[in-house]
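# Architecture at a glance
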Amino acid sequence: AAGIPMKERVKVSQNWKHGRCRRETVLKWKCKQVASFSSAFLMPWMELDGEYLYLSQAEDIHAYHLCPEGAGLQRHPQAIFSGHQEDVCRFVLVNSHIVSGGGDGNIVLHKIHGSYSVKFSAHEQEVNCVDFQGGLIVSGSRDRTAKVWSLSAGRVGQCLHTVQTEDRVWSIAISPLLSSFVTGTACCGHNSPLRIWDLESGQLLTCLGTDFHRGAGVLDVFYETPSLLLSCGYDTYIRYWDIRTSTRKCVQEWEEPHDSALYCIRSDKNHMIASGSSYYGVVRLWDKRQTRCLQSFHLSSPTSSPVYCLRFSTTHLYAAVASALHVLDFTA
(Lines give C-alpha, C1' and ligand atoms only; values in the text may rest on other atoms or scores of the structure.)
Protein backbone atom coordinates (compact mmCIF):
# COMPACT_ATOMS: atom_id res chain seq x y z
CA ALA A 1 0.00 0.00 0.00
CA ALA A 2 3.05 2.28 0.05
CA GLY A 3 2.60 5.29 -2.19
CA ILE A 4 -1.20 5.06 -2.22
CA PRO A 5 -2.85 8.13 -0.62
CA MET A 6 -4.89 7.46 2.52
CA LYS A 7 -8.21 8.42 0.89
CA GLU A 8 -7.55 6.01 -1.99
CA ARG A 9 -6.54 3.25 0.46
CA VAL A 10 -9.83 3.59 2.34
CA LYS A 11 -11.77 3.43 -0.95
CA VAL A 12 -9.86 0.33 -2.12
CA SER A 13 -10.38 -1.33 1.27
CA GLN A 14 -14.14 -0.72 1.05
CA ASN A 15 -14.18 -2.06 -2.51
CA TRP A 16 -12.58 -5.34 -1.35
CA LYS A 17 -15.05 -5.59 1.52
CA HIS A 18 -18.12 -4.99 -0.66
CA GLY A 19 -16.88 -6.83 -3.76
CA ARG A 20 -16.82 -3.71 -5.95
CA CYS A 21 -14.34 -4.24 -8.77
CA ARG A 22 -13.80 -4.13 -12.50
CA ARG A 23 -13.34 -7.58 -14.04
CA GLU A 24 -11.28 -8.27 -17.13
CA THR A 25 -10.06 -11.37 -18.94
CA VAL A 26 -6.49 -10.33 -19.74
CA LEU A 27 -5.20 -13.52 -21.40
CA LYS A 28 -6.79 -16.48 -23.16
CA TRP A 29 -5.27 -19.69 -24.46
CA LYS A 30 -6.50 -22.95 -25.97
CA CYS A 31 -7.06 -26.02 -23.81
CA LYS A 32 -5.15 -29.04 -25.04
CA GLN A 33 -7.22 -31.98 -26.19
CA VAL A 34 -5.29 -35.18 -25.53
CA ALA A 35 -6.19 -38.75 -24.76
CA SER A 36 -4.89 -38.80 -21.19
CA PHE A 37 -7.45 -37.14 -18.94
CA SER A 38 -4.84 -36.23 -16.33
CA SER A 39 -3.20 -33.79 -18.72
CA ALA A 40 -6.20 -32.88 -20.84
CA PHE A 41 -6.30 -29.37 -19.43
CA LEU A 42 -3.62 -26.87 -18.75
CA MET A 43 -3.33 -26.31 -15.02
CA PRO A 44 -1.69 -22.89 -14.93
CA TRP A 45 0.27 -21.61 -11.96
CA MET A 46 1.50 -18.07 -11.34
CA GLU A 47 3.56 -15.76 -9.16
CA LEU A 48 3.51 -11.97 -8.77
CA ASP A 49 6.71 -10.02 -8.43
CA GLY A 50 6.35 -6.24 -8.36
CA GLU A 51 6.16 -5.22 -12.01
CA TYR A 52 5.75 -8.73 -13.45
CA LEU A 53 3.31 -11.61 -13.42
CA TYR A 54 4.79 -15.04 -14.15
CA LEU A 55 2.38 -17.62 -15.59
CA SER A 56 2.99 -21.23 -16.58
CA GLN A 57 1.50 -22.23 -19.92
CA ALA A 58 2.16 -25.83 -20.96
CA GLU A 59 5.91 -26.52 -20.63
CA ASP A 60 6.99 -22.85 -20.41
CA ILE A 61 6.75 -20.00 -17.91
CA HIS A 62 5.92 -16.59 -19.37
CA ALA A 63 6.79 -13.26 -17.72
CA TYR A 64 4.23 -10.51 -18.40
CA HIS A 65 4.84 -6.87 -17.60
CA LEU A 66 2.09 -5.37 -15.45
CA CYS A 67 0.89 -2.06 -16.86
CA PRO A 68 1.35 1.01 -14.66
CA GLU A 69 -1.80 2.43 -13.08
CA GLY A 70 -3.19 -1.08 -12.84
CA ALA A 71 -4.51 -1.30 -16.40
CA GLY A 72 -4.02 -5.05 -16.82
CA LEU A 73 -0.84 -6.47 -18.33
CA GLN A 74 0.99 -6.40 -21.62
CA ARG A 75 -0.30 -9.26 -23.78
CA HIS A 76 3.09 -10.35 -25.09
CA PRO A 77 5.55 -11.91 -22.64
CA GLN A 78 8.77 -10.04 -21.90
CA ALA A 79 10.56 -13.34 -21.30
CA ILE A 80 9.89 -17.07 -21.65
CA PHE A 81 11.56 -19.65 -19.40
CA SER A 82 11.82 -23.12 -20.92
CA GLY A 83 13.36 -26.45 -20.04
CA HIS A 84 10.57 -28.95 -19.36
CA GLN A 85 9.45 -31.59 -21.88
CA GLU A 86 5.95 -31.71 -20.36
CA ASP A 87 3.67 -29.24 -18.59
CA VAL A 88 4.96 -27.22 -15.68
CA CYS A 89 2.95 -28.38 -12.65
CA ARG A 90 4.06 -25.76 -10.13
CA PHE A 91 6.80 -23.20 -9.72
CA VAL A 92 8.01 -20.68 -7.16
CA LEU A 93 9.74 -17.35 -7.55
CA VAL A 94 12.32 -16.57 -4.83
CA ASN A 95 15.22 -14.09 -4.86
CA SER A 96 15.24 -13.64 -8.65
CA HIS A 97 15.15 -17.41 -9.22
CA ILE A 98 12.36 -19.52 -10.69
CA VAL A 99 12.23 -23.14 -9.56
CA SER A 100 9.72 -25.31 -11.40
CA GLY A 101 8.57 -28.91 -11.28
CA GLY A 102 7.12 -30.62 -14.33
CA GLY A 103 5.18 -33.58 -15.63
CA ASP A 104 8.51 -34.91 -16.97
CA GLY A 105 9.76 -35.55 -13.41
CA ASN A 106 12.38 -32.81 -13.72
CA ILE A 107 13.14 -29.73 -11.65
CA VAL A 108 14.39 -26.65 -13.52
CA LEU A 109 16.09 -23.63 -11.93
CA HIS A 110 16.28 -20.33 -13.84
CA LYS A 111 17.97 -17.11 -12.85
CA ILE A 112 15.53 -14.44 -14.00
CA HIS A 113 18.15 -11.89 -15.04
CA GLY A 114 20.56 -13.88 -17.13
CA SER A 115 20.84 -17.10 -19.07
CA TYR A 116 21.83 -19.35 -16.14
CA SER A 117 19.63 -22.42 -15.76
CA VAL A 118 19.97 -25.91 -14.30
CA LYS A 119 17.84 -28.97 -14.94
CA PHE A 120 17.95 -32.26 -13.09
CA SER A 121 15.90 -35.42 -12.94
CA ALA A 122 14.07 -35.38 -9.60
CA HIS A 123 11.26 -37.96 -9.49
CA GLU A 124 10.05 -41.03 -11.33
CA GLN A 125 6.68 -39.37 -11.99
CA GLU A 126 5.44 -35.80 -12.27
CA VAL A 127 6.67 -33.22 -9.77
CA ASN A 128 3.38 -31.85 -8.44
CA CYS A 129 4.84 -29.17 -6.16
CA VAL A 130 8.07 -27.37 -5.25
CA ASP A 131 9.35 -24.76 -2.82
CA PHE A 132 12.72 -23.04 -2.57
CA GLN A 133 14.27 -21.22 0.40
CA GLY A 134 17.71 -20.79 1.88
CA GLY A 135 19.60 -22.70 -0.81
CA LEU A 136 17.34 -25.76 -0.56
CA ILE A 137 14.56 -27.05 -2.83
CA VAL A 138 11.80 -29.34 -1.59
CA SER A 139 9.68 -31.24 -4.08
CA GLY A 140 6.67 -33.55 -3.93
CA SER A 141 5.57 -36.04 -6.54
CA ARG A 142 2.99 -38.47 -7.73
CA ASP A 143 5.61 -41.16 -6.98
CA ARG A 144 4.68 -40.84 -3.27
CA THR A 145 7.90 -39.21 -2.16
CA ALA A 146 9.02 -35.77 -1.08
CA LYS A 147 12.67 -34.85 -1.57
CA VAL A 148 15.11 -32.22 -0.30
CA TRP A 149 17.70 -30.92 -2.79
CA SER A 150 20.87 -28.90 -2.35
CA LEU A 151 21.66 -25.83 -4.43
CA SER A 152 24.94 -25.02 -2.74
CA ALA A 153 28.04 -24.65 -4.91
CA GLY A 154 29.34 -28.00 -6.11
CA ARG A 155 26.23 -29.84 -4.87
CA VAL A 156 23.54 -28.45 -7.18
CA GLY A 157 20.83 -31.03 -7.73
CA GLN A 158 22.14 -33.40 -5.06
CA CYS A 159 19.32 -35.17 -3.18
CA LEU A 160 19.83 -34.75 0.57
CA HIS A 161 16.74 -36.65 1.78
CA THR A 162 13.95 -38.77 0.35
CA VAL A 163 10.79 -38.90 2.45
CA GLN A 164 8.37 -41.79 1.88
CA THR A 165 4.90 -40.20 2.14
CA GLU A 166 2.86 -43.31 1.13
CA ASP A 167 0.69 -40.95 -0.89
CA ARG A 168 0.81 -38.61 -3.85
CA VAL A 169 2.14 -35.22 -2.69
CA TRP A 170 -0.05 -32.36 -3.90
CA SER A 171 1.44 -29.40 -2.02
CA ILE A 172 4.62 -28.49 -0.16
CA ALA A 173 6.05 -25.47 1.66
CA ILE A 174 9.21 -24.67 3.62
CA SER A 175 8.69 -23.00 7.00
CA PRO A 176 9.92 -19.37 7.15
CA LEU A 177 12.38 -20.47 9.84
CA LEU A 178 13.99 -22.85 7.29
CA SER A 179 13.98 -25.65 9.85
CA SER A 180 11.10 -27.78 8.54
CA PHE A 181 8.69 -28.25 5.66
CA VAL A 182 5.07 -29.32 5.35
CA THR A 183 3.60 -31.77 2.84
CA GLY A 184 -0.03 -31.92 1.76
CA THR A 185 -0.86 -35.38 0.41
CA ALA A 186 -3.79 -37.21 -1.19
CA CYS A 187 -5.01 -38.88 2.04
CA CYS A 188 -5.50 -42.27 0.37
CA GLY A 189 -2.55 -44.39 1.49
CA HIS A 190 -1.86 -42.52 4.74
CA ASN A 191 -4.57 -41.10 7.01
CA SER A 192 -2.76 -37.83 7.77
CA PRO A 193 -2.58 -35.55 4.72
CA LEU A 194 -0.69 -32.77 6.54
CA ARG A 195 2.72 -33.66 7.94
CA ILE A 196 5.71 -31.58 9.01
CA TRP A 197 9.24 -32.89 8.41
CA ASP A 198 12.65 -31.80 9.65
CA LEU A 199 14.57 -30.13 6.84
CA GLU A 200 17.99 -31.17 8.11
CA SER A 201 17.29 -34.86 8.84
CA GLY A 202 14.17 -35.61 6.76
CA GLN A 203 12.52 -37.10 9.87
CA LEU A 204 8.79 -36.72 10.61
CA LEU A 205 8.21 -34.07 13.29
CA THR A 206 4.42 -34.03 13.59
CA CYS A 207 1.08 -34.68 11.89
CA LEU A 208 -1.52 -31.93 11.79
CA GLY A 209 -5.13 -32.83 12.58
CA THR A 210 -6.96 -36.10 13.14
CA ASP A 211 -10.03 -37.85 11.69
CA PHE A 212 -9.51 -36.87 8.05
CA HIS A 213 -11.77 -38.78 5.67
CA ARG A 214 -10.14 -40.88 2.97
CA GLY A 215 -9.51 -38.69 -0.08
CA ALA A 216 -9.37 -35.42 1.92
CA GLY A 217 -6.24 -34.44 0.00
CA VAL A 218 -4.55 -31.10 0.68
CA LEU A 219 -4.07 -29.19 -2.58
CA ASP A 220 -2.47 -25.99 -1.26
CA VAL A 221 -0.63 -24.85 1.86
CA PHE A 222 0.54 -21.37 2.85
CA TYR A 223 2.74 -20.28 5.76
CA GLU A 224 1.83 -16.89 7.22
CA THR A 225 4.46 -17.15 9.97
CA PRO A 226 6.65 -20.01 11.23
CA SER A 227 3.77 -21.19 13.43
CA LEU A 228 0.67 -20.11 11.45
CA LEU A 229 -0.32 -22.17 8.41
CA LEU A 230 -3.31 -22.27 6.07
CA SER A 231 -4.42 -25.38 4.17
CA CYS A 232 -7.21 -26.28 1.76
CA GLY A 233 -8.19 -29.16 -0.48
CA TYR A 234 -10.69 -31.81 -1.51
CA ASP A 235 -12.72 -31.84 1.70
CA THR A 236 -13.97 -28.26 1.02
CA TYR A 237 -12.49 -26.69 4.18
CA ILE A 238 -9.99 -23.91 4.70
CA ARG A 239 -8.09 -24.67 7.90
CA TYR A 240 -5.96 -22.30 9.97
CA TRP A 241 -3.32 -24.04 12.10
CA ASP A 242 -1.36 -22.59 15.00
CA ILE A 243 1.40 -25.11 15.66
CA ARG A 244 2.19 -23.49 19.06
CA THR A 245 -1.37 -24.13 20.28
CA SER A 246 -2.22 -27.57 18.93
CA THR A 247 -1.21 -29.95 16.18
CA ARG A 248 -4.38 -32.01 16.70
CA LYS A 249 -6.96 -29.30 16.01
CA CYS A 250 -6.90 -26.26 13.79
CA VAL A 251 -7.67 -22.95 15.47
CA GLN A 252 -10.23 -21.93 12.83
CA GLU A 253 -11.94 -23.46 9.81
CA TRP A 254 -14.22 -22.20 7.06
CA GLU A 255 -16.37 -24.41 4.84
CA GLU A 256 -16.80 -23.74 1.13
CA PRO A 257 -20.59 -23.10 0.97
CA HIS A 258 -21.25 -25.03 -2.28
CA ASP A 259 -19.35 -28.15 -1.26
CA SER A 260 -16.60 -27.62 -3.85
CA ALA A 261 -13.02 -28.73 -3.48
CA LEU A 262 -10.62 -25.83 -2.92
CA TYR A 263 -7.66 -25.77 -5.29
CA CYS A 264 -5.70 -22.78 -4.02
CA ILE A 265 -5.43 -20.35 -1.15
CA ARG A 266 -3.59 -17.14 -0.25
CA SER A 267 -3.80 -14.62 2.56
CA ASP A 268 -2.59 -11.07 3.13
CA LYS A 269 -1.06 -12.35 6.42
CA ASN A 270 -3.61 -10.19 8.17
CA HIS A 271 -7.40 -10.69 8.11
CA MET A 272 -8.12 -11.56 4.47
CA ILE A 273 -8.03 -14.97 2.76
CA ALA A 274 -8.76 -15.66 -0.91
CA SER A 275 -9.65 -19.17 -2.13
CA GLY A 276 -10.21 -20.74 -5.55
CA SER A 277 -12.93 -23.40 -6.00
CA SER A 278 -13.11 -26.42 -8.28
CA TYR A 279 -16.32 -25.42 -10.12
CA TYR A 280 -17.30 -22.43 -12.25
CA GLY A 281 -14.17 -20.46 -11.54
CA VAL A 282 -15.37 -19.29 -8.14
CA VAL A 283 -13.06 -17.04 -6.13
CA ARG A 284 -14.10 -16.32 -2.55
CA LEU A 285 -12.87 -13.70 -0.14
CA TRP A 286 -12.95 -14.50 3.58
CA ASP A 287 -12.44 -12.39 6.69
CA LYS A 288 -10.81 -14.41 9.48
CA ARG A 289 -12.99 -12.55 12.01
CA GLN A 290 -16.15 -13.91 10.37
CA THR A 291 -17.43 -17.45 9.85
CA ARG A 292 -19.12 -16.89 6.50
CA CYS A 293 -17.65 -15.97 3.13
CA LEU A 294 -17.32 -12.21 2.63
CA GLN A 295 -17.62 -12.08 -1.19
CA SER A 296 -17.62 -14.47 -4.14
CA PHE A 297 -16.88 -13.96 -7.84
CA HIS A 298 -17.72 -16.34 -10.72
CA LEU A 299 -15.05 -16.09 -13.39
CA SER A 300 -15.19 -18.93 -15.88
CA SER A 301 -18.51 -18.86 -17.70
CA PRO A 302 -19.61 -20.59 -19.85
CA THR A 303 -17.35 -23.58 -19.13
CA SER A 304 -16.79 -24.87 -15.63
CA SER A 305 -13.15 -24.75 -14.59
CA PRO A 306 -11.37 -24.80 -11.27
CA VAL A 307 -9.41 -21.75 -10.19
CA TYR A 308 -5.99 -23.37 -10.32
CA CYS A 309 -4.07 -20.47 -8.87
CA LEU A 310 -4.70 -16.99 -7.51
CA ARG A 311 -2.49 -14.14 -6.33
CA PHE A 312 -3.34 -10.64 -5.17
CA SER A 313 -1.74 -7.29 -4.50
CA THR A 314 -3.18 -4.36 -2.52
CA THR A 315 -5.39 -3.39 -5.44
CA HIS A 316 -5.75 -6.38 -7.80
CA LEU A 317 -6.57 -10.08 -7.70
CA TYR A 318 -5.38 -12.41 -10.48
CA ALA A 319 -7.01 -15.81 -10.99
CA ALA A 320 -6.00 -18.51 -13.51
CA VAL A 321 -8.59 -20.98 -14.79
CA ALA A 322 -8.14 -23.70 -17.45
CA SER A 323 -8.05 -21.38 -20.45
CA ALA A 324 -7.80 -17.80 -19.21
CA LEU A 325 -6.30 -15.35 -16.76
CA HIS A 326 -8.79 -13.02 -15.07
CA VAL A 327 -8.04 -9.86 -13.10
CA LEU A 328 -10.26 -8.12 -10.56
CA ASP A 329 -9.36 -4.43 -10.19
CA PHE A 330 -10.47 -3.01 -6.83
CA THR A 331 -9.41 0.55 -7.59
CA ALA A 332 -12.54 0.98 -9.74
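Residue numbers restart at each chain and count upward from 1, following the sequence in its written direction. Residues qualify for local features only when their pLDDT is at least 70, as the model is predicted, and side-chain atom pairs are given and counted only at 80 or more; totals for whole chains, interfaces and linings, by contrast, use all residues. The side-chain numbers reported here are obtained from all heavy atoms of the structure, hydrogens and water having been left aside.

### What to know about the UniProt feature "repeat: WD" (unreviewed entry) in the protein
UniProt positions are given in the numbering used here, feature names are shortened, and annotations may be inferred rather than shown by experiment. With numbering matched to this structure, UniProt assigns "repeat: WD" (unreviewed entry) to residues 120-155. Each helix corresponds to a stretch of at least 4 residues labelled H or I by DSSP, and each strand to a stretch of at least 2 residues labelled E; elements are numbered beginning at the N terminus. Helix makes up 0% of residues 120-155 and strand 58%, whereas the separation of the span's terminal C-alpha atoms amounts to 12 Å.

### What about empty space enclosed by the protein?
Points on a 1 Å grid, built from protein atoms alone, make a cavity when a 1.4 Å probe fits but cannot get out and make a pocket when they are open with protein on both sides within 12 Å along at least 5 of 7 lines; residues with an atom within 4 Å of a point are the lining residues. Grid points are joined across faces, edges and corners, and a volume is the space filled by probe spheres set on the points. Under the counting rule described, the total for this entry stands at 1 cavity of 30 Å³ or more. Quantified by volume, the largest cavity comes out at close to 60 Å³. The wall of the largest cavity is formed by L194, F212, A216, G217, V218, S231, C232, G233, D235, Y237 and R239. Contributions of two or more residues to the lining of the largest cavity are made by strand 19 (228-233) and strand 20 (237-242). Per-element tally for the lining of the largest cavity: the top contributor is strand 19, with 3 residues. Its residues placed into classes, the lining of the largest cavity shows 6 nonpolar, 3 polar and 2 charged. Classes in brief: Ala, Val, Leu, Ile, Met, Phe, Trp, Tyr, Cys and Pro nonpolar; Asp, Glu, Lys and Arg charged; the others, Gly included, polar.

### Observations concerning the sheet that holds strand 17 (residues 204-207)
The pairing of strands in a sheet happens through backbone hydrogen bonds and is either parallel or antiparallel. DSSP calls a pair of strands paired once it identifies at least 2 bridges connecting them. Here 4 strands make up an open sheet; going across it, the order is 14-15-16-17 and the pairing antiparallel. Bordering the open sheet on either side are strand 14 (169-174) and strand 17, each of which pairs with just one other strand. Pairwise comparison of adjacent strand axes, ignoring direction, gives a mean angle of 25° for this sheet. For strand 15 (residues 180-185) and strand 16 (residues 194-198), the ladder comprises 5 bridges, and the chain directions are antiparallel. In the sheet register, G184 faces strand 16, and the bridge partner there is L194. Think of each axis as a best-fit line through the C-alpha atoms, taken over the contacting stretch in the case of a helix, with angles from 0 to 180 degrees between the N-to-C directions.

### Here we look at the pattern of salt bridges
Salt bridge, as applied in this entry: a Lys or Arg side-chain nitrogen positioned within 4 Å of an Asp or Glu carboxyl oxygen. All chains considered together, the criterion is met by 12 salt bridges. Across the pair R289 and D287 runs a salt bridge whose closest N-O atoms are separated by 2.8 Å. Partly exposed describes any residue whose relative accessible area lies between the buried limit of under 20% and the exposed limit of over 50%, with all areas from a 1.4 Å probe on protein chains only and scaled to the type maximum. Given the relative accessible area of 10%, D287 is considered buried. Each of E126, R142 and R168 takes part in salt bridges that share partners, so that together they form one network.

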